[in-house]
Amino acid sequence: MKLEALFGKTLEELKVITERFGLPGFTAKQMAEWLYKKDVRSIMDMTNISLKNRSIISEQFEIGRVAPVKVQTSIDGTKKYLFTATGGRYIEAAYIPEAKRATLCVSSQVGCKMGCLFCMTGQQGFQSHLTSGEIINQIQSLPEFALITNVVYMGMGEPFDNIEEVLKSLEILTSDYGYAWSPKRITVSSIGIIPGLKEFLTRSKCHLAISLHSPFDEERLKLMPVQHVYPINEVIKVIRDFEFGLQRRVSFEYIMFKEINDTSAHVKKLATLLNGLHCRINLIRFHPIPHTPLEGSDDATIKRFQEELEEKDIITTIRASRGLDIFAACGLLSTKELVKNNQVE
Amino acid sequence: MCSYTFYFLVLFERETLKFRTDSTGIAPFYSMVRSGQGMNKTLIHGSRKIESFYYQEDFLQVLGDNYIRCCSLETAEGLFAGRLTQYIKALEFLPPTQKYYLCGSAEMVVEIRNILISRNIPFTNIRAEIYF
């Protein structure tokens, strides 16, 4: 019989399990501490739970942690880790160390359904959702786990298309029973699936990033098919209507495409679209992928675009490209070849 | 959808997607044809099984030879035997100035879009709608 993973279960879910076995109520809290604070690798190592009860739990459950199966290291220090997921599939996570911080970019799905023209993950189609445990496993099973200062949900997949598992993972990362991280250490990035966005805004306090890429509907539609279903105007209306407070941040991701979305007209339209919204724009260099007809804007154009946006009082940063040589940079994560070959070198 | 004056339409319907007559999927194309906007348009419809070519009689009546059915698991007279992608790849000419509307699963849309782009269709002439 296949054992079910405990790792990734919320406290409420652990309580359901203990109730099912007729165990004391506090056992769920004990299990959560072993899972998320003490890095336990076997149920039998949960030594403050009676041996009898550990044996009962072990008949149907396992911890469910997996170590990365492969790592690639960039010349700039970025590391790309490969993890296994359910069904013999694979996902990638990118560890990005900087002088004063270290960011881990995690995946939320195997593949992606969104089909954005510029994204490598989209090229492999959709294979499956990740569980909460598979998402958190990318964090806790990382050799550099203790060094991580920030986590961004910007790896493979669309987080709001897998909203319940993503929210469970956020709860575990930020709850006292879990990792007790500040929500300010976590950013979830989405192309703007509105039902998921609403759930995320009300049930989490983590930062939000929205993939914008063009303020013009027709143009965005050609880059991002999701515009058909959830137009950016409606996404921004949801954000405007929500009270973010002073601590929670909203940012917009904007990949710069040569002679497509890098003109002064785009600056003007962006200023109109985001008028009055307390936010920032992150400009991202485009990293070309196979089959793409798109080219990236040059550095001078990106700098000029940034200056024009700042003249409109929009805080604008240019994101550094990291891990390009190992295909770990923005938009390049993919396990497409492994989907076909089902193997790791 | 109505902003374009000419379409080269492609639709792929997965067997696992069970469309009802009032659901999306083929329905937008059906509405378009029923409203008289089917002239000079081509609809390429992919499916695994013949029974999944919903509204095929109506499409055939209006579009005639411009309604092409690609069936990957079953064969019958008048059907292209194979996947929709095979049919597209086999076409000798794809007009670069026309509009291409893709509708289906992410896998199909991305695969067809890559084929079209490799055949010099500007991405600005391609629209995609993905089931998710």
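Here, every reference points to the structure presented above.
Quick summary incoming for the structure in this document. On a predicted model such as this, the values are computed, not experimentally measured, just so you know.

For chain A, the count of helices and strands is 12 helices and 14 strands. Relative to the 2.2 N^0.38 estimate, which gives 20 Å for 345 residues, the radius of gyration of chain A is 21 Å and therefore close to what a compact globule would have. By the burial criterion, 57% of the 345 residues in chain A qualify as buried. Within chain A, contacts between residues separated by at least 24 positions form 68% of all contacts whose residues are at least 6 apart in sequence. Carbon and sulfur atoms provide 51% of the accessible area of chain A, an area that totals close to 14,800 Å². Positive and negative charge centroids in chain A, built from 42 and 41 side chains respectively, lie 3 Å apart.

All names here are of chain A. With 8 of its 10 residues buried, helix α2 (residues 27-36) lies for the most part within the structure. Taken together, the buried positions of α2 are occupied by T27, A28, Q30, M31, A32, W34, L35 and Y36. In this fold, the buried residues of α2 make contact with α1 (11-20), α3 (51-58), α5 (132-140) and α6 (163-174).

Our focus in this paragraph is unusual backbone geometry. Residue and element names in this part refer to chain B. You will see that Y55, though not glycine, has its phi angle at about 65 degrees, which is positive. Note on placement: Y55 falls in the loop between β2 (42-47) and α2 (56-63). The phi dihedral of N120 falls on the positive side, at around 70 degrees, and the residue is not glycine. Mapped onto the fold, N120 is located in the loop between α4 (106-118) and β6 (126-130).

Let us now look at the pairing of strand β13 (residues 280-285) of chain A. When a strand is regular, its side chains alternate between the sheet's two faces. Residues and elements named next belong to chain A. In this structure, strand β12 (residues 250-256) lies alongside β13, joined through 6 bridges in parallel fashion. In the strand pairing of β13, E253 is matched with N282. What joins β12 to β13 is helix α10 (residues 264-273), and the crossover it makes is right-handed. Inspection of the sheet shows β13 paired to strand β14 (residues 315-319) by 5 bridges, in the parallel sense. Bridged to L283 within β14 is I318. Once the chain exits β13 it traverses helix α11 (residues 299-311) before rejoining the sheet at β14, and the crossover so formed is right-handed.

Turning to the interface of chain A and chain B, a few remarks are in order. Taken together, the contacts link 25 residues of chain A with 16 residues of chain B. Summed over both partners, the interface of chain A with chain B buries about 1,800 Å², with 64% contributed by carbon and sulfur atoms. Sorting the residues of chain A by area buried against chain B places K113, K222 and H228 of chain A first, and these three jointly supply 31% of that buried surface. For E218 of chain A, the salt bridge identified is with R127 of chain B, shortest N-O distance 2.6 Å. Taken together, the connections running from chain A to chain B amount to 4 residue pairs in polar contact (both at pLDDT 80 or more). Broken down by secondary-structure element, the contributors of at least two residues to the side of chain A that touches chain B are α4 (120-123) and α8 (217-223) of chain A. The dominant element in the side of chain A that touches chain B, judged by the number of residues it contributes, is α8 of chain A, at 4 residues.

We now examine the packing of α6 of chain A against helix α7 (residues 194-203) of chain A. Residue and element names in this part refer to chain A. Running from N to C, α6 and α7 cross one another at 20 degrees; their axes reach a closest spacing of 10 Å. As far as their axial angle goes, α7 and α6 are roughly parallel. As α6 runs across α7, the sense of the crossing is right-handed. In contact with I163, E164, L167 and L170 of α6, α7 contributes G196, E199, F200 and R203. A per-class count over the contact of α6 with α7 returns 4 nonpolar, 1 polar and 3 charged.

Attention shifts here to the pattern of salt bridges. Within this structure, the stated rule accounts for 21 salt bridges over all chains. Salt bridges sharing common partners tie together E13, E165 and K168 of chain A.

Conventions we followed
- Residues numbered from 1 in each chain as written.
- Chains lettered and ligands numbered in written order.
- Predicted model: local features only at pLDDT ≥ 70, side-chain atom pairs only at ≥ 80, totals over all residues.
- Heavy atoms only, no water.
- Helix = DSSP H or I, 4+ residues; strand = E, 2+ residues; numbered from the N terminus.
- Rg over C-alpha atoms; globule rule 2.2 N^0.38 Å.
- Buried < 20%, exposed > 50% of the residue type's maximum accessible area, 1.4 Å probe, protein only.
- Contact = heavy atoms within 4.5 Å.
- Areas by Shrake-Rupley, 256 points an atom, 1.4 Å probe, with all protein chains shown as cover.
- Lys, Arg positive; Asp, Glu negative; His and termini not counted.
- Charge placed at Lys NZ, Arg CZ, Asp CG, Glu CD.
- Pairing = 2+ DSSP bridges.
- Right-handed = clockwise from strand over helix to strand, strands pointing away.
- Buried area = accessible area lost by both parts, 1.4 Å probe.
- Salt bridge = Lys/Arg side-chain N within 4 Å of Asp/Glu carboxyl O.
- Polar contact = N/O pair within 3.5 Å; in protein donor to acceptor, adjacent residues only side chain to side chain.
- Axes fitted to C-alpha atoms, helices over the stretch in contact; angles between N-to-C directions.
- Parallel < 35°, antiparallel > 145°, perpendicular 65-115°, else oblique.
- Left-handed = near helix turned anticlockwise from the far one by under 90°.
- Nonpolar A, V, L, I, M, F, W, Y, C, P; charged D, E, K, R; others polar.

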